[in-house]
Amino acid sequence: MKISKSFVIEAPGKGSVKPITMPEISEDEFLIEVRACGVCTTDRRMFQGELRVPFPVIGGHEISGIIVSGRFSEDLQVGDVVALDMINRCGYCFYCRKGLDNLCLNSRKARVVEGKHLIAGGFSQYVVAKRRQIFKVNVDPEVATLVEPLACCINSVEKADIQAGESVLIMGAGTMGILHAMLVSLKGAVPFLSDPSEERRKFASSLDMRALKPEMVSGELSSVNEGHGFDAVFVTAPVAELPAQAIEVIRKGGRIVLYTSIHPSVNMPLDWNKVHYSELSVYGTEGRRKVDFARATELIQSMKLNPLITKKIQLEELSRELSNGPEPKDQRTIVVF
Ligand SMILES: [Zn+2]
Ligand SMILES: [Zn+2]
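Here is what the cut-offs are and how they apply
Residues numbered from 1 in each chain as written. Chains lettered and ligands numbered in written order. Predicted model: local features only at pLDDT ≥ 70, side-chain atom pairs only at ≥ 80, totals over all residues. Heavy atoms only, no water. 1 Å grid on protein atoms, 1.4 Å probe; cavity = no way out; pocket = protein on both sides within 12 Å on 5 of 7 lines; lining within 4 Å. Points joined across faces, edges and corners; volume = space filled by probe spheres on them. Helix = DSSP H or I, 4+ residues; strand = E, 2+ residues; numbered from the N terminus. Nonpolar A, V, L, I, M, F, W, Y, C, P; charged D, E, K, R; others polar. Core = buried A, V, L, I, M, F, W, Y, C linked by side-chain atoms within 4.5 Å. Buried < 20%, exposed > 50% of the residue type's maximum accessible area, 1.4 Å probe, protein only. Domains from an automatic or database assignment. Contact = heavy atoms within 4.5 Å. Donors = N, O, S within 2.8 Å, 3.2 Å for Na, K, Ca; no water. Phe/Tyr/Trp six-rings, centres within 6.5 Å; stacked < 30°, edge-to-face > 60°. Tetrahedral: all angles 85-135°; square planar, octahedral: opposite > 155°, others 65-115°.

## Regarding empty space enclosed by the protein
All told, the structure shown has 1 cavity of 30 Å³ or more when counted by the stated rule. The volume enclosed by the largest cavity comes to roughly 90 Å³. For the largest cavity, the lining is made up of 14 residues, of which Met 22, Val 113, Leu 118, Ser 124 and Tyr 126 are closest to its centre. Those elements that provide at least two residues to the lining of the largest cavity are β1 (3-11), β7 (111-113) and β9 (126-130). In terms of residue count, the dominant contributor to the lining of the largest cavity is β9 (3 residues). Looking at side-chain class alone, the lining of the largest cavity contains 9 nonpolar, 4 polar and 1 charged residues.

Laid out in structure tokens, this is it:
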């Protein structure tokens, strides 16, 4: 039996590293030694008590690792580097059968190990995953932690049906904003990022992306679509005013995607007639489907995502890291083992 060092959150603001005895794996499961796990906004919200989750809980869902044991087959061997799609997609509920497995009715049922709820348990030396949650990757394990966020951004960008030659505004130049900009570029469209943080704008510029102060966006409009506005706007920062601002800078027939959630939730003041007469489309996007995860594992091989990992910490440093928001100078923080 394997003992795993795991970061357990006992209650909001209270977490420590504890030994957990890993469960025996069943026939379709594999034991994975975690090599790295990204720290997501969800993990910070969980630690800070902003999300309603059962405690005690082990967070971390942007997981990469190495296969240790399980029923090996030709396509999965001991030592393989893998990214894990830890959503529980039941495969039989109404939404799974519709191909909308990101909305699975049973996805929130967290596994419990020694009384600890795993959401998804990546802040641990070891995790157990089902065969269908395991994706082999050809990148190093640190970069492989970005497969999950990339998959979520693929799901988002697909919503807006971006065409080559379009101009796209991405509000927020954090990691999700940057990944959106990269995907938009791959579609042959032109991304513009807006962010009030100078450090974030500088970071985007260092990747050859156009980054604007939010108050400069309307001034930029004359150079976009003959002054008619952006073809699409992605809102990746949880700021209540942003959807209304998106409507100000979008062209007729444009698409707005609300990528991020906001906690606590707010009602959006939407100009009814603007949406009606301008034929605007407003989309939500939640997580990623299995198909998005598969695409991300393929795509990540040809993307240069190393610069997005700006901070590496140990499991023992998680309490301090999760107590705060990500600092503007940081993009992704990952826990390494
Ligand atoms: Zn995440
Ligand atoms: Zn389902």
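## Digging into the nonpolar core
Residues Phe 234 and Leu 305 are the most contacted members of the largest nonpolar core, which totals 45 residues. Those elements giving two or more residues to this core turn out to be α3 (141-144), α4 (147-159), β11 (167-171), α5 (175-186), α6 (198-206), β14 (230-235), α10 (290-299) and β18 (332-336). Per-domain counts for this core show at least three residues from each of domain 1 (3-146 + 305-336) and domain 2 (152-284). Non-local contacts of Leu 305, meaning those with residues more than four positions away in its chain, are made with Val 143, Leu 146, Leu 179, Met 182 and Ile 300.

## Some words on the environment of Pro 326
For Pro 326, the position within the fold is in the loop between α11 (318-323) and β18. You can call Pro 326 partly exposed: its relative accessible area is 38%. Separated by 287 residues in the primary sequence, Pro 326 and Val 39 place their C-alpha atoms 9.2 Å from one another. In this structure Pro 326 touches Arg 44 and Arg 200, once residues within four positions along its chain are discounted.

## Re the side chain of Arg 332
Take Arg 332: it is sitting in strand β18. Excluding its chain neighbours within four sequence positions, the residues that come into contact with Arg 332 are Val 39, Cys 40, Glu 62, Leu 146, Pro 149, Thr 175, Met 176, Leu 308, Ile 309, Thr 310 and Lys 311.

## Overview of the coordination of the zinc ion (ligand 1)
Each protein donor to the zinc ion (ligand 1) is listed here as Cys 40 (SG), His 61 (NE2) and Glu 62 (OE); together their distances run 2.1 to 2.5 Å. Positions of the donor residues of the zinc ion (ligand 1), expressed as sequence spacing, correspond to C-x20-H-E. Here the residue Cys 40 occupies a position in the loop between β3 (29-38) and α1 (41-47), and His 61 occupies one in the loop between β4 (57-58) and β5 (62-70), the gap between them amounting to 21 residues. Under the relative-accessibility criterion, Cys 40 is labelled buried at 10%.

## Some words on the packing of aromatic side chains
If you walk through the whole model with that rule in mind, you get 5 aromatic pairs. Judged by centre distance (6.3 Å) and plane angle (50°), the ring pair of Phe 30 and Phe 72 falls under tilted. Here Phe 30 is found in strand β3, whereas its partner Phe 72 is found in the loop between β5 and β6 (81-84), with 42 residues between them in sequence. Phe 30 gets classed as buried once you look at its relative accessible area, which sits at 2%. Using a relative accessible area of 37% as the deciding quantity, one classes Phe 72 as partly exposed. Judged by centre distance (4.7 Å) and plane angle (50°), the ring pair of Phe 135 and Phe 293 falls under tilted. Separated by 158 residues along the polypeptide, Phe 135 in strand β10 (residues 134-136) and Phe 293 in helix α10 bring together distant segments of the chain. The two residues Phe 135 and Phe 293 agree in class, both being buried.

## Some points on the coordination of the zinc ion (ligand 2)
Each protein donor to the zinc ion (ligand 2) is listed here as Cys 90 (SG), Cys 93 (SG), Cys 96 (SG) and Cys 104 (SG); together their distances run 2.3 to 2.4 Å. Coordination at the zinc ion (ligand 2) is tetrahedral: its 4 donor atoms span angles of 103 to 115° at the metal. Between the donor residues of the zinc ion (ligand 2), the gaps in sequence give the motif C-x2-C-x2-C-x7-C. Linking Cys 90 in the loop between β6 and α2 (94-97) with Cys 104 in the loop between α2 and β7, this pair joins segments that are 14 residues apart in sequence. Cys 90 sits in the buried class, given a relative accessible area of 16%. By relative accessible area, Cys 104 is classed as buried at 5%.

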